[in-house]
Amino acid sequence: MTKMTRRAATASLYALGLVVSMYAPTLADDHKMTFTLATSGSETDQRSIAMAEVFAPMIAEFADYQPGYNGTLFAQGTELEAISRGNLTMSIASAQELAQFFPEFSIFATGYVHQDAAHQVRVFNDALMDPFKQKVEDELGVKLLSVMYLGRRHVNLRQPRSEVDVQTPADLAGVNIRMPGTDAWQFLGAALGASPTPMAFTEVYTALSTGAVDGQDNPLPTVVDAKFYEVTKQISLTSHLVDLNYIAFSKETWDSLDPDQKVTVQRAADAAAAVGRLKQLEKESNLADFIRGQGVEVYTPDLDAFRNHVQAQYIGSEFAAAWPEGVLEKINALGN
Ligand code: KDO
């Protein structure tokens, strides 16, 4: 039966008082909302899996979830504007992208600030985040629902370790490392001692394989998911950023939800973030041996040297100048 004839059939059934409950879901289907999500992550990324397997079923009663992976719907870094303009419902947004609109968000994108996944959650749920979230809602029309764990970012290079042994920031001098294309990311690359090049995530594999860049930085699960181990030779476990993403949601769509739907969407986002976090943590702790098995050297550098150097670059920087008074201290106090 086509939609029109089904509708017509329903109308006559209603008229006859014969509507059976089995038919109701079809009626509801016709009025479902569609939540589109854009991400530059792949379908097999843990955050994508968590959204598809946890978030989508929880909201299925009133909304269809339609994800676009690998930057196909919107290019990396353009998603927040798309939500703001009403062209997209959701994205998996970074603090670095938010810092493009609100420079104070760079505090969450600063090297060696977040200590681990649990610290990220405490920070996101703390009152210190309220003014940040409010501003994004009021000025960008985007609601930050929950925080997702991406993982500890490490330096991953094409050369074998014998050519460039990355123990300290000085060893990265002149190394052309791909960082995502926003100012906060570029600053972090430079703070590590490298020469950063901006590039979208979806172009990194090719750039590594052709030698257009010397390396990239990402957590181990991403190195495996994107198969960067095929085109790189060493990983220095710098842990320079315990990286996060926010589940960003259109404020306009949010405002159109009824109170029960709002509760459901919030719960679904929190549940997806929690499940994704656990799976990502598990992967992160188990992947070094797999990567070594692919012929990539994986080793721990002088972490104090990296931490001290990176932190020193932020002190007195234009980024630090944008951080509201006392917030760094509050974030540190929520640490271990
Ligand atoms: C990346 O471009 O390196 C990055 O890891 C940055 C993250 O904030 C996030 O955008 C991520 O890419 C994508 O989701 C792809 O994994």
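About the cut-offs
Residues numbered from 1 in each chain as written. Predicted model: local features only at pLDDT ≥ 70, side-chain atom pairs only at ≥ 80, totals over all residues. Heavy atoms only, no water. Near = heavy atom within 4 Å. Polar contact = N/O pair within 3.5 Å; in protein donor to acceptor, adjacent residues only side chain to side chain. Areas by Shrake-Rupley, 256 points an atom, 1.4 Å probe, with all protein chains shown as cover. Nonpolar A, V, L, I, M, F, W, Y, C, P; charged D, E, K, R; others polar. Core = buried A, V, L, I, M, F, W, Y, C linked by side-chain atoms within 4.5 Å. Buried < 20%, exposed > 50% of the residue type's maximum accessible area, 1.4 Å probe, protein only. Helix = DSSP H or I, 4+ residues; strand = E, 2+ residues; numbered from the N terminus. Contact = heavy atoms within 4.5 Å. Pairing = 2+ DSSP bridges. pLDDT = per-residue confidence, 0-100.

Draft legend 1. Here's a closer look at the site of the ligand. With respect to spatial proximity, 14 residues lie near the ligand, and among them Arg47, Gln76, Arg153, Arg178 and Asn218 are the closest. A distance of 2.8 Å separates an oxygen atom of the ligand from a polar atom in the side chain of Arg47. Between Asn245 and the ligand, the recorded distance is 3.2 Å, taken from a side-chain N or O atom to an oxygen atom. Across the complex, the protein chains shield 99% of the 370 Å² of accessible surface that the ligand would expose by itself. Residues of the shell around the ligand, tallied by class, amount to 4 nonpolar, 6 polar and 4 charged.

Draft legend 2. Representation of the nonpolar core in the model. Counting 53 residues, the largest nonpolar core has Leu98, Phe105, Phe108, Leu144, Leu172 and Tyr246 as its most contacted members. With 5 residues, the single largest contributor to this core is strand 4 (residues 142-157). Setting aside anything within four residues of it in sequence, one finds Leu172 in contact with Val155, Leu157, Val166, Leu192, Gly193, Ala194 and Phe306. With 24 residues, the next largest nonpolar core counts Ile59, Phe62, Ile92 and Ala268 among its residues.

Draft legend 3. Quick look at the pairing of strand 7 (residues 215-218). By the alternation rule, side chains of strand 7 split into Gly215 and Asp217 and Gln216 and Asn218, which are all buried. Two strands pair when backbone bridges link them, and strand 4 and strand 7 are joined in this way by 4 bridges, in the antiparallel orientation. Each bridged residue has a counterpart across the sheet, and for Leu157 the counterpart in strand 7 is Gly215. Looking at chain direction, strand 5 (residues 176-179) and strand 7 are connected through 2 bridges and run parallel. Across the sheet, the residue bridging to Ile177 is Gly215, located in strand 7.

Draft legend 4. Quick peek at the environment of Lys233. If you trace the backbone, Lys233 turns up in the loop between helix 10 (220-225) and strand 8 (234-250). Remark: the alpha-carbon pair of Lys233 and Val166, spanning 67 residues in sequence, is separated by 12 Å. Not counting chain neighbours up to four residues away, the residues in contact with Lys233 comprise Leu157, Arg158, Gln159, Pro160, Gly295, Val296 and Glu297.

Draft legend 5. Just the side chain of Thr39, in detail. As for its placement among the helices and strands, Thr39 is situated in the loop between strand 1 (33-38) and helix 3 (46-59). A polar contact is formed between the side chain of Thr39 and the backbone nitrogen of Gly41, at a distance of 2.8 Å. Those residues in contact with Thr39, other than ones at most four positions away along the chain, are Ser48, Gly68, Tyr69, Asn70, Gly71 and Ile92.

Draft legend 6. Looking closely at the confidence of the model for the protein chain. Averaged over every residue, the pLDDT of the protein chain is 92; the share at 70 or more is 91%. The model gives residues 1-27 a pLDDT under 50, and that stretch makes 14 contacts with residues more than four places away or in other chains.

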